[in-house]
Amino acid sequence: MNTEEQIESFRNAYEALRAEIGKVIVGHHAIVEGTLIAVFGGGHVLLEGVPGLGKTLLVRTLGEVLDMSFNRIQFTPDLMPADILGTNIVMEAPGGRREFQFQRGPIFAHLVLADEINRATPKTQSAMLEAMQEKSVTAGGEIRKLAEPFFVMATQNPIDQEGTYPLPEAQLDRFFFKLIVGYPSGEELTDVLTRTTEGGKPALARVLSKEQIIEFQQLVRGVPVASHVKDYAVRLVLATHPKTETAVPISNQYLRFGSSPRGGQTLMLGAKVRALAQGRFNVSFEDIQAVTPAALRHRLILNFEAEAEGITTDHIITQILQD
């Protein structure tokens, strides 16, 4: 298959996924697109929004249209790491002898929905760190590899709601994108009410297998990036580092820490997926700019002055993109 055929195959798969998800999810076009970009980029997604906006439904729908194993973990304050990773249990072997056997937890799936992830304690949240970065689990003295491809799609309510714990910065950094789910418009809300109170549940088709996703992920990494476009992505990341020569004034004023190198990796991979989805085998400045908010908003740490003045990371990113 030549390059043009590969691009066309990717576009068809991308549009087919978006169409199937659209049978269930009303509106939220930017959220669906961001989620699909992360899937083909091989990264995890954090969806933030108040309850009832369809965050969990989006991930469950994605689990239905992708031909891969799917598990859901409901995060609560009493959830323990073993409830996620698994634990050794005593089993009776033939002959009456007893031995330990590892019982796998729900993390052992291709797609894992971490629902309301910020309702669990930091100790439990930390159980996700190795799985999200190394795609492996250390339990019972052994390292166990997770299945490929592996995605964590997490939802969280805004931090200022009661009974939540802020996610550790190290865990936030492991998310490819952070997507903010907003309220639907009046027209979209009307459509939601019609679908959910009058019609039946639509039948969804399996669109992509895990083998196809891995193949498309490899195609994404093969998309070329011109040196001046790559340099632009580098300059965007460096502009977020306060008190350095490359920092822009707003970063010096409102940030304690800037983006890690993972932010730059996300910019590159996200832009490559966007380019392919539009039928191009090269990355443009516009591709980089389009994915910058989702890639960097959770990687910037605000200082006290920013929090006191109500400045958000999105505001800072907008200013950096304009400079």
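A brief look at the structure comes next. Computed from a prediction, not measured in an experiment: that's the story for all the values here. (Residues numbered from 1 in each chain as written. Predicted model: local features only at pLDDT ≥ 70, side-chain atom pairs only at ≥ 80, totals over all residues. Heavy atoms only, no water.)

**Some points on empty space enclosed by the protein**
Per the stated rule, a full pass over the model turns up one cavity of 30 Å³ or more. Of the pockets and cavities examined, the largest cavity occupies roughly 50 Å³. Taken together, Ile-25, His-28, Ile-31, Leu-47, Leu-53, Gly-54, Lys-55, Leu-58 and Val-181 form the lining of the largest cavity. (1 Å grid on protein atoms, 1.4 Å probe; cavity = no way out; pocket = protein on both sides within 12 Å on 5 of 7 lines; lining within 4 Å. Points joined across faces, edges and corners; volume = space filled by probe spheres on them.)

**Some details on helix 15 (residues 313–322)**
Since the α-helix turns once every 3.6 residues, residues separated by three or four places project in the same direction. Residues of helix 15 that are buried: Thr-313, Ile-316, Ile-317 and Ile-320. Projection of helix 15 onto a plane perpendicular to its axis shows the buried side chains occupying an angular sector of 100°, all on one side. On the buried face of helix 15, the contacting elements are helix 10 (227–238), helix 11 (249–254), strand 12 (255–257), helix 13 (285–296) and strand 13 (301–302). (Buried < 20%, exposed > 50% of the residue type's maximum accessible area, 1.4 Å probe, protein only. Helix = DSSP H or I, 4+ residues; strand = E, 2+ residues; numbered from the N terminus. Arc of directions from axis to C-beta. Contact = heavy atoms within 4.5 Å.)

**Description of unusual backbone geometry**
For residues besides glycine, phi is generally negative; the peptide bonds are generally trans as well. With omega at -10°, the peptide bond leading from Glu-148 into Pro-149 counts as cis. Counting through the fold element by element, Pro-149 comes out in the loop between strand 8 (142–145) and strand 9 (151–156). With a phi angle near 55°, Lys-135 is a residue other than glycine that sits in the positive phi range. Within the secondary structure, Lys-135 sits in the loop between helix 6 (127–134) and strand 7 (136–139). The class of Lys-135 is buried, set by a relative accessible area of 18%. Look at Lys-243: it is not a glycine, yet its phi comes out positive at around 60°. Within the secondary structure, Lys-243 sits in the loop between helix 10 and helix 11.

**Structural notes on the pattern of salt bridges**
What the rule picks out here adds up to 15 salt bridges. One continuous salt-bridge network, built from bridges that share partners, spans Arg-274, Arg-280, Glu-286 and Asp-287. (Salt bridge = Lys/Arg side-chain N within 4 Å of Asp/Glu carboxyl O.)

**Some remarks on the sheet that holds strand 9**
Here we have five strands laid out as an open sheet, ordered 3-6-9-1-10, and parallel in their pairing. Each edge of the open sheet carries a strand with a single partner, namely strand 3 (70–74) and strand 10 (175–180). Here the strands of the sheet are splayed against their neighbours by 15° on average, with no regard to which way each runs. Note: strand 1 (residues 44–48) against strand 9, four bridges, orientation parallel. Each residue of the ladder has a partner; that of Leu-46, found in strand 9, is Ala-154. Packed on one face of the sheet, helix 3 (residues 55–65) meets strand 1, strand 3, strand 6 (111–115) and strand 9 and runs near 170° to strand 6. (Pairing = 2+ DSSP bridges. Axes fitted to C-alpha atoms, helices over the stretch in contact; angles between N-to-C directions.)

**Quick notes on the packing of helix 12 (residues 261–277) against helix 13**
Interhelical geometry of helix 12 versus helix 13 gives an angle of 130° and a closest axis separation of 8 Å. In this view, helix 12 runs oblique relative to helix 13, as classed from their interaxial angle. Relative to helix 13, the crossing made by helix 12 is right-handed. Of the residues in helix 13, those in contact with Gly-263, Thr-266, Leu-267, Met-268, Gly-270, Ala-271, Arg-274 and Ala-275 of helix 12 are Glu-286, Asp-287, Ile-288, Ala-290, Val-291, Thr-292, Ala-295 and Leu-296. Classifying every residue of the contact of helix 12 with helix 13 gives nine nonpolar, four polar and three charged. (Parallel < 35°, antiparallel > 145°, perpendicular 65-115°, else oblique. Left-handed = near helix turned anticlockwise from the far one by under 90°. Nonpolar A, V, L, I, M, F, W, Y, C, P; charged D, E, K, R; others polar.)

**Looking at the packing of aromatic side chains**
Overall, the coordinates contain seven aromatic pairs when judged by the stated rule. Taking 6.2 Å as the distance between ring centres and 25° as the angle between the ring planes, the aromatic pair formed by Phe-10 and Tyr-14 counts as stacked. With Phe-10 and Tyr-14 both in helix 1 (residues 3–22), this residue pair falls four residues apart, about one helical turn. Owing to a relative accessible area of 0%, Phe-10 belongs among the buried residues under this scheme. Each ring, one from Phe-10 and one from Phe-216, has its centre 5.5 Å from the other, and the planes form 90°; the classification is edge-to-face. Here the residue Phe-10 occupies a position in helix 1, and Phe-216 occupies one in helix 9 (residues 210–221), the gap between them amounting to 206 residues. Grouped by ring-pair contacts, the aromatic residues Phe-10, Tyr-14, Phe-40 and Phe-216 constitute a single cluster. (Phe/Tyr/Trp six-rings, centres within 6.5 Å; stacked < 30°, edge-to-face > 60°.)

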